[in-house]
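Tertiary structure, described
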Amino acid sequence: MELNIYLVGALADARKLKDLNPNLSPVKPSAQFNQFQFFIDILNIDDIPTEYQKLFINRFVAGYENNIKNAEWETLSESQSYFKDNLFEEFAKDKLFIFKPYIDENNYGDKNIKISKNTLKIIKRPKNISSTAIGSLITIPIFNDYNQFSFEKRLLESSAIGNYDYLDKITSSCLVSGDYLYGDFNDFEKLNDGWHVTAENQIKKIPLDFEAYKDSMIIEAHAIYVDFEFFDDVILHEGLAKHGQVVTLDNKIKLKEVQENLVEETAELYSENDFLESLFNYLKYKNLIFEKKHVVNFHTALKTRRLVILSGASGTGKSQLVYNYAQSLGLVNKDANQFKMIPVKPNWKDDSDLIGFLDTINNIYRPSESGLVDTLIEAKNNRDKLYIVCFDEMNLAKVEHYFSQFLSVLELEGVERKISLYSKKLVGRVLNGEQYPHELPIASNVLFVGTINIDETTQTLSDKVLDRSNLIEFNIPKDHINNWITMLNENQIEQVTKENKNDKKIVDVYHFDNWSNYKKEIKLLKEEIEILSKINNLLIKIDISKGIGFRILDHINSYMSNLPLISDLKREEAFDLQIAQKIVPKIRGTIEELETIIESKESILEIFEEQRFVITIAAIKRKMKELKLYGYTY
């Protein structure tokens, strides 16, 4: 049985052979007439398939004179009919052997490893590959199935890059395609449709002059073989690390200098403050009455890239705020469709209702009619564009059921943010697998929002959902009727002009990222940390699991880091909102469970100053009222 792999070997060392069998030597006459046998030690031992590794331990590959098809050897040996074994041993000292192995099994079940017929190639050993390099050669596979740009796009998207058949596993962190060496990859995986790599949003490539390194590597049509030390020192550290060109999905990188100047000019013209002012004017033009600080609260929560949920009675304008916010970003117009409103249905039971399922009878992936998967694929292919997905009436069904994958994924970063559409074992068998891959990345250019009503038709939100979201409570603004009448009576000409101007401005990912703060540093003030510590000490008296966990701390810190520098929302008000949005919703249960922190002398209200924590105190008092009326609060 021939193995479809290429091995590289050198003539076996006499002492190693003697240790295995005293009667063996590197080259010896064979029982076959006028033939000699020789033994090869393998240099790229890691390329041997796992199932055959044990067979190669302490074994040498056997070759025979009739395996040799080499012009130099034929010229050297044509005048010598006998004792060719000594001549071949001298000939092979500075040579390497490249071949496919053949597993030969006799009638007794014993297996021997031989050189497969018509596969042996003998080359001169590159002088910088050590004669003691047994087992240490690294194999860098060569892929040439696609053109350069298509190949790089497939690498970055973890799509199939080709059916490379000569390796059962790729142990190198690099590969070669065309004139470039690519790396440094975390992992390679062979699926039904070919090889896939794991790349973190960008890869590096270098146009390595392979010919210049012919004394340090073996260059074949299917692979390049290099010594481990050369691979580590020269290719990785000197090559890719210092001189590697960064490759991303954004082809604009080829216009880097021009693009940066254009972006900087645009950024000066349209800052975050300009956007917020435009948003307020746009809402006013639409006759929508929202307190400015609540709009800034919503905007800031979105900048943290976590799920934002707007809660409140029907008719308070939750969906309208989301839609018009997207309008102000320029995501909803004739040239762009980067806003997706998904009405949640009460019968949704699991994530297949939201994203779709694999039709195993017809081997076709059938996306849900929600259209979410297609929107996420579009966002993946347009990472410079911003997208908003809104789940309207999110709690008509159990959020933790149909939204289960997303709840976990949205807490992750980088390449870990991906959902599974179907098993990767089925890759290559799904007929529309190119359109719907088995895994779908959730890029940071997608913002998720949900709206919920609290009434008898809806489901309550679990702690799992609350922990992973910013729950913003919407109430009817003060004196809204008089404000509404005043607004309708005002002249709208100026607002029409601003609306038309706003429609032409599309906020892209660059601008939104420029408004956001991703630095992993503590932005909470000392007094804010002290208040959180007091709240935590009180909450754990109810239940140790009710305390303020690391996730909530991280969310609050991220929110405070993303407050606009100039806005109608002051820092004290923002911190008040965060306690009301991230901590108070988790205070729920029966009057017996909560009396420790609600009714006792150490009431949670004692922590908050009445003038500084107006929203938090009001939210807690509503819960106290529910406890008195119903005996429980949710």
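Description of the structure in this document. Sequence order as written defines residue numbering, which begins from 1 separately in each chain. Reporting in this predicted model follows two pLDDT cut-offs: at least 70 for local features of residues, and 80 or more for side-chain atom pairs to be given and counted; totals over whole chains, interfaces and linings ignore these cut-offs and use all residues. Note that water and hydrogens are dropped before the side-chain values are worked out from all heavy atoms of the structure.

1. Observations concerning a nonpolar patch on the surface
- On the surface, a cluster of nonpolar side chains totalling about 510 Å² of accessible area is made up of Leu629, Tyr630, Tyr632 and Tyr634.
- By the element assignment, Tyr634 lies in the segment after β30 (632–633). Distance thresholds for patches are 9 Å for like charges and 5 Å for nonpolar side chains (Val, Leu, Ile, Met, Phe, Trp, Tyr), applied to residues having over 30% relative accessible area and no salt bridge. Each accessible area is a Shrake-Rupley result for a 1.4 Å probe, and residues are judged covered by the shown protein chains and nothing else. Whenever a carboxyl oxygen of Asp or Glu lies within 4 Å of a side-chain nitrogen of Lys or Arg, that contact is scored as a salt bridge. Elements are defined by DSSP. Helices are runs of H or I of four residues or more, strands are runs of E of two residues or more, and each kind is numbered from the N terminus.

2. Some thoughts on helix α6 (residues 228–243)
- Multiplying 1.5 Å by the residue count of a helix minus one yields the expected span of that helix. Here α6 contains 16 residues, and its C-alpha end-to-end distance of 20 Å is more than 12% below the 22 Å for a straight helix at 1.5 Å per residue.
- For α6, the principal kink sits at Leu236 and spans about 30°.
- Burial classification: accessible surface area is computed with a 1.4 Å probe over protein chains only, and a residue below 20% of its type maximum counts as buried, one above 50% as exposed, and the rest as partly exposed. Of all the residues in α6, the buried ones are Phe230, Phe231, Ile235, Leu236, Gly239 and Leu240.
- Note on definitions: a residue-residue contact is assigned when non-hydrogen atoms from the two residues lie within 4.5 Å. Where α6 is buried, its residues meet β9 (137–141), β11 (180–183), β14 (203–206), β15 (217–219) and β16 (223–227). In this analysis the local bend is the angle between axes fitted, respectively, to the seven residues ending at and the seven residues starting at the residue.

3. Examining a negative patch on the surface
- The convention is simple: Lys and Arg are positive, Asp and Glu are negative, and His and the chain ends are not counted. Here the site of a charge means atom NZ of a Lys, CZ of an Arg, CG of an Asp or CD of a Glu. On the surface, Asp543, Glu592, Glu593, Glu595 and Glu599 cluster together into a negatively charged patch.
- Looking at the element boundaries, Glu599 is found in the loop between α22 (591–598) and α23 (614–630).
- Among the residues examined, Glu599 registers a relative accessible area of 43% and is labelled partly exposed.

4. So, the pattern of salt bridges
- Enumeration over the complete set of coordinates arrives at 31 salt bridges.
- Residue Glu72 is joined to Lys95 by a salt bridge in which the shortest nitrogen-to-oxygen separation is 3.6 Å. One end of the pair, Glu72, is in helix α3 (residues 71–77); the other, Lys95, is in strand β5 (residues 95–99), and 23 residues separate them in sequence.
- Exposure remark for Glu72: the relative accessible area of 47% places this residue in the partly exposed category.
- Its salt-bridge partner being Arg366, residue Asp359 comes within 2.9 Å of it at the nearest N-O pair.
- Overlapping salt bridges bring together Glu72, Asp94, Lys95 and Lys124 as one network.

5. Thoughts on the packing of aromatic side chains
- Note on aromatic contacts: the rings of Phe and Tyr and the six-membered ring of Trp form a pair at centre separations within 6.5 Å, being stacked when their planes are under 30 degrees apart, edge-to-face when over 60 apart, and tilted otherwise. Under the defined criterion, the tally for this structure stands at 35 aromatic pairs.
- Ring centres 6.4 Å apart and planes at 35° place the aromatic pair Phe143 and Phe151 in the tilted group. For the pair formed by Phe143 and Phe151, the shared burial category is buried.
- Seen in terms of ring centroids, Tyr365 and Tyr436 are 5.6 Å apart; in terms of plane orientation they differ by 45°. Their pairing is tilted. Taken together, the residues span a long stretch of sequence, with Tyr365 in strand β23 (residues 364–367) and Tyr436 in the loop between β25 (418–420) and β26 (439–441) at a distance of 71 residues. Each member of the pair, Tyr365 as well as Tyr436, carries the same accessibility label: buried.
- Here a set of aromatic residues connected by ring pairs shows up, and it is made of Tyr6, Phe143, Phe151, Tyr164, Tyr166, Tyr180 and Tyr182.
- Sitting over the face of the ring of Phe91, Lys95 holds its NZ or CZ atom 4.3 Å from the ring centroid. Charge over a ring is defined by NZ of Lys or CZ of Arg lying within 6 Å of the ring centre and within 35 degrees of the ring normal.

6. Some remarks on the pairing of strand β3 (residues 36–42)
- Of all seven residues in β3, seven are buried, a share of seventy percent or more.
- On β3, burial covers both faces: Phe36, Phe38, Ile40 and Ile42 on one face and Gln37, Phe39 and Asp41 on the other are all buried.
- The sheet contact formed by strand β2 (residues 27–29) and β3 spans three bridges and is antiparallel. Its bridge partner lying in β3, Lys28 is registered against Gln37.
- Here a strand pair is declared whenever DSSP counts at least two bridges between the two strands. Relative to strand β4 (residues 61–64), β3 runs antiparallel, the two being bridged by four bridges. Paired with Ile40 across the two strands is Val61, which belongs to β4.

7. Digging into the packing of helix α21 (residues 571–582) against α23
- To obtain an axis, a line is fitted to C-alpha atoms, over the contacting stretch when the element is a helix, and the angle between two such axes runs from 0 to 180 degrees between their N-to-C directions. At their nearest, the axes of α21 and α23 sit 7 Å apart, and the two run at 25° to each other. When the axis of α21 is compared with that of α23, the two are roughly parallel. Packed against α21, whose contacting residues are Asp576, Leu577, Ile579 and Ala580, the element α23 presents Val614, Ile615 and Thr616 at the interface.
- When its residues are assigned to classes, the contact of α21 with α23 shows five nonpolar, one polar and one charged. Roughly parallel means an angle under 35 degrees; roughly antiparallel means over 145; roughly perpendicular covers 65 to 115; every other angle is labelled oblique. Gly is put with the polar residues, along with every residue not named as nonpolar or charged; the nonpolar set is Ala, Val, Leu, Ile, Met, Phe, Trp, Tyr, Cys and Pro, and the charged set is Asp, Glu, Lys and Arg.

8. Some points on the sheet that holds β11
- Strand order in the open sheet formed by four strands is β10-β11-β14-β17, and the pairing between neighbours is antiparallel. With one partner strand each, in any of the chains shown, β10 (175–177) and β17 (245–247) form the two edges of the open sheet. Each strand of the sheet is rotated relative to its neighbour by a mean of 35°, with strand direction disregarded.
- Sheet topology places β14 next to β17; three bridges connect them, and they run antiparallel. The residue bridging Ile203 from the neighbouring strand is Val247, located in β17.
- Where α6 meets the sheet, it contacts β11, β14 and β17, and its direction lies at approximately 105° from that of β14.

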